[in-house]
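# Structural overview
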Amino acid sequence: MAIKAKIGVFGIGLAAYWPQFDGLKERLEGYQRDVEANIAALGAEVISAGLVDNAPGAQQAGDLFASHNVDLIVCYVGTYATSSQVLPAVQRRKAPVLILNLQPIPALNYLDTDTAEWLANCCACCVPEISNAFARSRIQFNVVTGLLHPVEGYAAQYHERAWREIAEWIDAASVMRELSYSRIGFLGHTYPGMLDMYSDFTMHHGQLGAHIEVLEMDDLHQRVSAATEGEISAKIDEIRGVFNIVGRGRDKISQDVTPEALHWAAQVAVGLDKLTRDFNLNGLTYYYRGLDGNSNEELGASVIIGNSLLTGRGIPASGEGDLKTCIAMLIMDRLKAGGSYTEFYALDFNEDFILMGHDGPGHVAIADGKPVLRGLGLYHGKRGYGLSVEMKVKMGPITILGLTQTAEGKLKMLAAEGVSIPGDTMQIGNTNSRLKFGLDPATFMNVWCEHGPTHHVALGVGHQLSRIRKLARLLNIELAVIQ
């Protein structure tokens, strides 16, 4: 189950107005209730500090938000308020702030508007002042301007656009909270020599809040050995329901899927289920080279099916010990975009697309049609043999998200939107898709590589850049967009 973001909400106004204009405070409180109800309807847990109209009240609001460990603070600007009575509300928790400059009506009836009516719509007045105070106090903030309530006609766009932006901020805050509470298993070691994939676990703890659980192959061996025939039989039924099992293909290394191989893959999948459950994992990255067909080699070569099933149900599994891409896959999955472990395969200069895929597990929930289960007599560049997954991502809009590390030790995101297009792909027991981006393949590769990426990415469906931008902003992580 996805974790809900905790959103602290407070409205602002000026206490001096209340005795001057009867009903103004109550009217603004009603508007704030509308805001809070809409935010809750977007899937967030709302922590309300009510309407704040003086500095002591702002301090109390700040204590409330800190005590609830909110992920995002929403400042709803009902009318003018001095910035000195706003800043304390956001200083205790030091969470990012979203300033809502939402006017109740599209325009004033200027000739018939009195001061009380103007003040009930005077949202914009103090937003620059508050922004200045936040900026000088090093408080991360963002402003959403538009209409509080839906209307008809030309102005309708300002309500729709504002609430679409708010929804994306809530989504980003939810993913940020998920990352900060996530537990990622690291099973085995990184593929030797892939320098781009080596990760500093403390860096992930420090910059994301994620916990990296270091696992031994023994942890998996024990659980695979404990799998019962009933559990294995149920897992075989699950595999048959998810995959289209095929015989040997054109590739000379392909093989038939034997009953023995299917039984073993299912047994390992049962062990992986137990591993993720016992260690309460939200993700898993793994690799183990093995030696001379030993038990670790046999086990490491047999996790593809189980990890594909895990990935498809929201526990992303990345091969080759690529922790950073596992994080990217988790982000894409929590954005409901999938997130399949992917790398650059080949460039097609005739039709201007890039072939992208990977051996090992795929995100079966975003496959175009039923994914294929194929036997392979060897895994290229790796030890062992067994069953592998062949699929392409659904046709239509896609996004790729990479996570890399700078020379200064900072995590950095790279992202691009494109489209998955129909056409032939390789039938070699790998995921592979035809992806077309805004730039031609040569230019795209040149620009992408300028940012020092990890050579893997998370491939997801839909265009997700707007929400990824907001997540990067909340996490204070650099984002490079290639378009």
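Above this text is the structure in question.
Attention in this report is confined to the structure presented alongside it. (Residues numbered from 1 in each chain as written. Predicted model: local features only at pLDDT ≥ 70, side-chain atom pairs only at ≥ 80, totals over all residues. Heavy atoms only, no water.)

## A word on the environment of Glu26
The condition is simple: Numbering of helices and strands runs from the N terminus; a helix is a DSSP stretch of H or I covering at least four residues, while a strand is a stretch of E covering at least two.
Its location among the elements puts Glu26 in helix α1 (residues 24–41). The sequence separation of Glu26 and Leu51 amounts to 25 residues, and the corresponding C-alpha distance is 9.7 Å.

## Re the nonpolar core
Put simply, the rule is: Only buried residues count toward a nonpolar core, which is a set of Ala, Val, Leu, Ile, Met, Phe, Trp, Tyr and Cys residues joined through side-chain atoms within 4.5 Å. We call a residue buried when its accessible area falls under 20% of the maximum for its residue type, exposed when it is over 50%, and partly exposed in between, using a 1.4 Å probe and counting protein chains only. Any two residues whose heavy atoms approach within 4.5 Å at even a single point are treated as in contact.
Membership of the largest hydrophobic core comes to 95 residues, with the highest contact counts inside it found for Ile7, Phe10, Phe134 and Met413. For Phe134, the residues in contact, after removing those within four places along its chain, are Val86, Leu87, Val90, Val97, Ile99, Ile139 and Phe141. Core analysis: the second largest hydrophobic core is formed by 22 residues, Ile239, Ile304, Leu309 and Val364 among them.

## A short note on empty space enclosed by the protein
Condition: Within this scheme a cavity is a closed region of a 1 Å grid, computed over the protein atoms alone, that accommodates a 1.4 Å probe without allowing it to escape, whereas a pocket is open but has protein on both sides within 12 Å along at least five of seven lines; lining residues each have an atom within 4 Å of a point. Grid points are joined across faces, edges and corners, and a volume is the space filled by probe spheres set on the points. When residues are sorted by character, Ala, Val, Leu, Ile, Met, Phe, Trp, Tyr, Cys and Pro go into the nonpolar class, Asp, Glu, Lys and Arg into the charged class, and all the rest, Gly among them, into the polar class.
On inspection of all chains with the given rule, the structure shows four cavities of 30 Å³ or more. Counted as a void, the largest cavity has a volume near 210 Å³. Lining the largest cavity are 18 residues, with Tyr286, Tyr287, Gly300, Tyr379 and Lys382 positioned closest to its centre. Those elements giving two or more residues to the lining of the largest cavity turn out to be β10 (283–287) and α11 (295–300). Here the residues of the lining of the largest cavity sort into eight nonpolar, four polar and six charged.

## A closer look at the side chain of Ser83
Locating Ser83 in the fold gives a position in the loop between β3 (72–77) and α3 (88–91). For Ser83, a relative accessible area of 17% gives the class buried.

## Looking at the pairing of strand β7 (residues 211–215)
As a reminder, the rule being used: Strand pairing follows a simple DSSP-based rule, namely that at least 2 bridges must link the two strands. For the handedness criterion, the strands are oriented away from the viewer, and a crossover whose path from the first strand over the helix to the second runs clockwise is classed as right-handed.
Judged from the five bridges that link them, strand β6 (residues 183–188) and β7 form a sheet pairing that is parallel. For Leu187, the partnering residue across the bridge sits in β7 and is Leu215. Once the chain exits β6 it traverses helix α7 (residues 201–208) before rejoining the sheet at β7, and the crossover so formed is right-handed.

## So, the sheet that holds β7
The four strands lie next to each other as β7-β6-β10-β11, forming an open sheet whose pairing is parallel. Looking at the sheet topology across the chains shown, the edges are occupied by β7 and β11 (317–318). Pairing analysis gives two bridges linking β10 to β11, with the strands arranged parallel. Residue Leu284 lies in a different strand from β11, and its bridge partner there is Ala317.

## Structural notes on the packing of helix α10 (residues 259–278) against helix α12 (residues 304–312)
Definition in use: The angle between two axes is taken between their N-to-C directions and runs from 0 to 180 degrees, where each axis is a line fitted to C-alpha atoms and a helix contributes only its stretch in contact. With respect to orientation, any angle under 35 degrees is reported as roughly parallel, any angle over 145 as roughly antiparallel, any angle of 65 to 115 as roughly perpendicular, and every other angle as oblique. Crossings are assigned a handedness: left-handed for a near helix turned anticlockwise from the far helix by less than a right angle, right-handed for a clockwise turn.
Between α10 and α12, whose axes approach to 7 Å, the crossing angle comes to 45°. Classified by the angle between their axes, α10 and α12 sit oblique to one another. Once α10 is placed against α12, the crossing between them reads as right-handed. Where α10 approaches α12, its residues Ala265, Ala269, Leu272, Asp273 and Thr276 are matched on the opposing element by Ile305, Gly306, Asn307 and Leu310. When its residues are assigned to classes, the contact of α10 with α12 shows five nonpolar, three polar and one charged.

## Thoughts on the sheet that holds strand β2 (residues 45–52)
Sheet strands line up and pair through hydrogen bonds in the backbone, either parallel or antiparallel. Taken in spatial order, the five strands of this open sheet run β2-β1-β3-β4-β5, and their pairing is parallel. On the outer flanks of this sheet lie β2 and β5 (141–147), each paired with one strand and no other. Strand-to-strand twist of the sheet, defined as the mean angle between neighbouring strand axes without regard to direction, takes the value 20°. Strand direction decides the pairing type here: strand β4 (residues 97–103) and β5, joined by seven bridges, are parallel. Counted as the bridge partner of Leu100 is Val144 from β5. Of the strands in this sheet, β1 (6–12), β2 and β3 touch helix α2 (residues 55–67), which is tilted by about 170° from β2.

## Describing helix α15 (residues 465–475)
Burial within α15 is extensive, with eight of its 11 residues counted as buried. Turning to α15, its buried residues number three or more, namely Leu465, Arg467, Ile468, Lys470, Leu471, Ala472, Leu474 and Leu475.

## Considering unusual backbone geometry
Most peptide bonds are trans, and most residues other than glycine sit at a negative phi. A positive phi angle, near 60°, is found at Lys94, a position not held by glycine. Take Lys94: it is sitting in the loop between α3 and β4. Positive phi, normally seen in glycine, also occurs at Asn280, with a value near 50°. If you trace the backbone, Asn280 turns up in the loop between α10 and β10. A relative accessible area of 52% means that Asn280 is categorised as exposed.

## Side note on the packing of aromatic side chains
We count it as follows: Each pair of aromatic rings taken from Phe, Tyr and Trp, with Trp reduced to its six-membered ring, is defined by centres within 6.5 Å and is described as stacked if the planes are under 30 degrees apart, edge-to-face if over 60, and tilted in the remaining cases.
One pass over the full model with this rule turns up nine aromatic pairs. When the ring of Phe344 is compared with that of Phe444, the centres are 6.5 Å apart and the planes differ by 50°; the resulting orientation is tilted. In this pair, Phe344 sits in strand β12 (residues 338–348) while Phe444 sits in helix α14 (residues 441–450), placing the two residues 100 residues apart along the sequence. With relative accessibility at 0%, the residue Phe444 sits in the buried group. Here Phe444 and Trp448 contribute two aromatic rings whose centre-to-centre distance is 5.7 Å and whose plane-to-plane angle is 20°, an arrangement assigned as stacked. One end of the pair is Phe444 and the other is Trp448, both in helix α14 and four residues apart, which spans about a single turn. For the residue pair Phe444 and Trp448, the accessibility class agrees, reading buried in each case. Counting every residue linked through ring pairs, the aromatic cluster contains Phe344, Phe437, Phe444 and Trp448.

## Points about helix α5 (residues 127–136)
Here is the rule: Working definition: the arc comes from the directions between the helix axis and the C-beta atoms, pointing outward to the latter.
Regarding α5, the residues found buried are Val127, Ile130, Ser131, Ala133 and Phe134. For α5, the angular spread of buried residues about the axis comes to 165°, placing them on one side. Away from the buried face of α5 by more than 90 degrees, exposed residues Pro128 and Arg136 are located. Looking at the packing, one finds that the buried side of α5 touches β1, β3, α3, β4 and β5. Directly beyond the C-terminal end of α5, a positive phi value near 60° is found at Arg138.

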